[in-house]
Amino acid sequence: MKAKIDVRSASKTYPAIVGESLLFNTLSSLLKSREADRVFILIDENADQYHRERILTVLSDNKIDYKIRVIPQGETSKSAKEWIACLDFLLDNEVRRNTPLLAVGGGVTGDLAGFAASTALRGIPLIHIPTTLLAMVDSSIGGKTGINHTKGKNLIGAFYQPEAVIADIDFLKTLPRHEWVNGLSEILKYGAIEDTDILEKAEIFFEENPGKISPGELISLIARCVKIKADIVEKDEFEGGIRAYLNFGHTFAHALEKACGFNKMNHGEAVYLGMLAATELSNLTGKTINPAPLIKYRPLYNFRVTKDDLSVSNLMEYMKSDKKRLNENLRFILLDQWQHPVIKTVNNKELIEHSWMAAINELNPIQ
Ligand code: GLY
């Protein structure tokens, strides 16, 4: 089973192909159609360990020369230093305007490689090969690329669309459980903002070993998320409006990530709690939304911080400093009802504090 979703952006329309065991054929024909005799590869350290051979086999069988650079694991690789190192790698190896760059890995590698592709020679062809669930459903789609700055996440970057996204679920088989849950949060986000079915279909992640989830169900769930994102990107590529719905839960999540450090709380965990806080804030601002469809997934999360590790006043400060930087009021993606997101400014400190409490109370161990 395979799904092909066209992502239509201003600069190009490109396919996002989701399926099982499709890397070899899909990448071979893509590179053949481009008449590529040489590629660059930026590959995440973990993906390199488990999947290097699979990638290199495609290249050797097609007699394509390559240069490969391994990107160290973790958010710290989204740095100016690593970006320059990637540019050095490309330029020192005589990259040409038509030499494709393969970005193989999760969100960090995709964002960094995408930014390197957008800036080398003012843009070289980029092919995303996401190897994590989060990257398949979210970060590889829609052209956001970038690195972090000491002032905050993703403050340097560009919108730069790839030529194709090849999402082969074979890569997911080696993922540790917390990486599945990391992606689950973004899947639940699509359920919350767009498609109630997703909030039920995501129950497949209760499978004790997510690597054993039925490929058909997994492919159809990933493809549904990609389609939702593609439709949003088509309407609002540069986030002038509705693309911001994809940030449901993220205003809270970014503050949590900063407060805990990336080693103690991953993006998906923060987004899950952020969505609970945003649901509560929706209710505190006059709506009636039962959080049960999100709360039911709580047992899948294995948080490494407790409620006592966090203080609401600190979280408020992190949130405000993030926003001050942008000279904005506190702007949230809230819900009028499930699947009806809205962008709202809320400046009532008490309501926001109460929303934080609803989220961080969930950090108490499950009885
Ligand atoms: N991850 C949100 C976006 O791509 O807009």
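Anyway, here's the lowdown on the structure attached to this text. The shown structure was predicted, so the numbers you read here are calculated from the model rather than taken from an experiment.

### Thoughts on the site of the ligand
Asp138, Lys144, Lys229, Glu239, Arg243, Leu246 and Asn247 make up every residue found near the ligand. At 3.0 Å from an oxygen atom of the ligand is found a side-chain nitrogen or oxygen belonging to Lys144. Arg243 is positioned such that a nitrogen or oxygen atom in its side chain is 2.8 Å from an oxygen atom of the ligand. In terms of residue class, the shell around the ligand is built from one nonpolar, one polar and five charged.

### Remarks on the pairing of strand β1 (residues 2–8)
Burial along β1 is one-sided: Ala3, Ile5 and Val7 are buried, and none of Lys2, Lys4, Asp6 and Arg8, which face the opposite way, are. Pairing between β1 and strand β2 (residues 13–19): seven bridges, direction antiparallel. Across the sheet, the residue bridging to Lys4 is Ile17, located in β2. The antiparallel hairpin formed by β1 and β2 contains four residues in its connecting segment.

### Some remarks on the packing of helix α3 (residues 80–92) against helix α4 (residues 107–119)
Across the interface, α3 lies against α4 with an axial gap of 10 Å and an inter-helix angle of 55°. Between α3 and α4, the interaxial angle falls into the category oblique. Like other packed secondary-structure pairs, α3 and α4 cross with a definite hand, here right-handed. Residues Glu82, Trp83, Cys86, Leu87 and Leu90 of α3 touch α4, and the partners they reach there are Leu112, Phe115, Ala116 and Thr119.

### Things to note about the pattern of salt bridges
For the coordinates displayed, the defined rule picks out 25 salt bridges. Among the salt bridges present, the one from Asp170 reaches Lys173, with a minimum N-O distance of 3.4 Å. One salt bridge in this structure joins Lys227 and Asp231, with 2.8 Å as the shortest N-O distance. Taken together, the residues span about one helical turn, with Lys227 and Asp231 both in helix α8 (residues 215–235) at a distance of four residues. With relative accessibility at 26%, the residue Asp231 sits in the partly exposed group. Among the charged side chains, a network of salt bridges with common partners joins Glu20, Arg54, Asp168, Asp170 and Lys173.

### Remarks on the sheet that holds strand β9 (residues 164–168)
Within the open sheet, the seven strands sit side by side as β1-β2-β9-β6-β5-β3-β4. Their pairing is mixed. Two strands in the sheet have a free side with no partner beyond their single neighbour: β1 and β4 (65–71). The mean inter-strand angle of the sheet, taken between neighbouring strand axes irrespective of direction, is 15°. Sheet topology places strand β3 (residues 38–44) next to strand β5 (residues 101–105); four bridges connect them, and they run parallel.

### Things to note about the packing of aromatic side chains
Considering all chains together, one arrives at nine aromatic pairs under this definition. Each ring, one from Phe40 and one from Phe89, has its centre 5.5 Å from the other, and the planes form 90°; the classification is edge-to-face. A residue pair is termed long-range when its members are at least 10 positions apart, and Phe40 in strand β3 and Phe89 in helix α3 qualify at 49 residues. Given a relative accessible area of 0%, Phe40 falls into the buried group. On the basis of an interplanar angle of 85° and a centroid distance of 5.1 Å, the ring pair of Phe159 and Phe238 is categorised as edge-to-face. Within this pair, whereas Phe159 is found in strand β8 (residues 152–159), its partner Phe238 is found in the loop between α8 and α9 (250–260), the two being separated by 79 residues in sequence. A residue is classified by how much of its surface remains accessible, and Phe238, at 51% relative accessible area, is exposed. Here the aromatic residues Phe252, Phe332 and Trp356 are joined through ring pairs into a cluster of three or more. The ring of Phe171 is capped by Arg54, whose NZ or CZ atom sits 4.5 Å from the centre of that ring. One Lys or Arg, Lys189, reaches over the ring of Tyr190 and ends 4.9 Å from the middle of that ring.

Scoring rules and cut-offs
Residues numbered from 1 in each chain as written. Predicted model: local features only at pLDDT ≥ 70, side-chain atom pairs only at ≥ 80, totals over all residues. Heavy atoms only, no water. Near = heavy atom within 4 Å. Polar contact = N/O pair within 3.5 Å; in protein donor to acceptor, adjacent residues only side chain to side chain. Nonpolar A, V, L, I, M, F, W, Y, C, P; charged D, E, K, R; others polar. Buried < 20%, exposed > 50% of the residue type's maximum accessible area, 1.4 Å probe, protein only. Helix = DSSP H or I, 4+ residues; strand = E, 2+ residues; numbered from the N terminus. Pairing = 2+ DSSP bridges. Axes fitted to C-alpha atoms, helices over the stretch in contact; angles between N-to-C directions. Parallel < 35°, antiparallel > 145°, perpendicular 65-115°, else oblique. Left-handed = near helix turned anticlockwise from the far one by under 90°. Contact = heavy atoms within 4.5 Å. Salt bridge = Lys/Arg side-chain N within 4 Å of Asp/Glu carboxyl O. Phe/Tyr/Trp six-rings, centres within 6.5 Å; stacked < 30°, edge-to-face > 60°. Lys NZ or Arg CZ within 6 Å of the ring centre and 35° of its normal.

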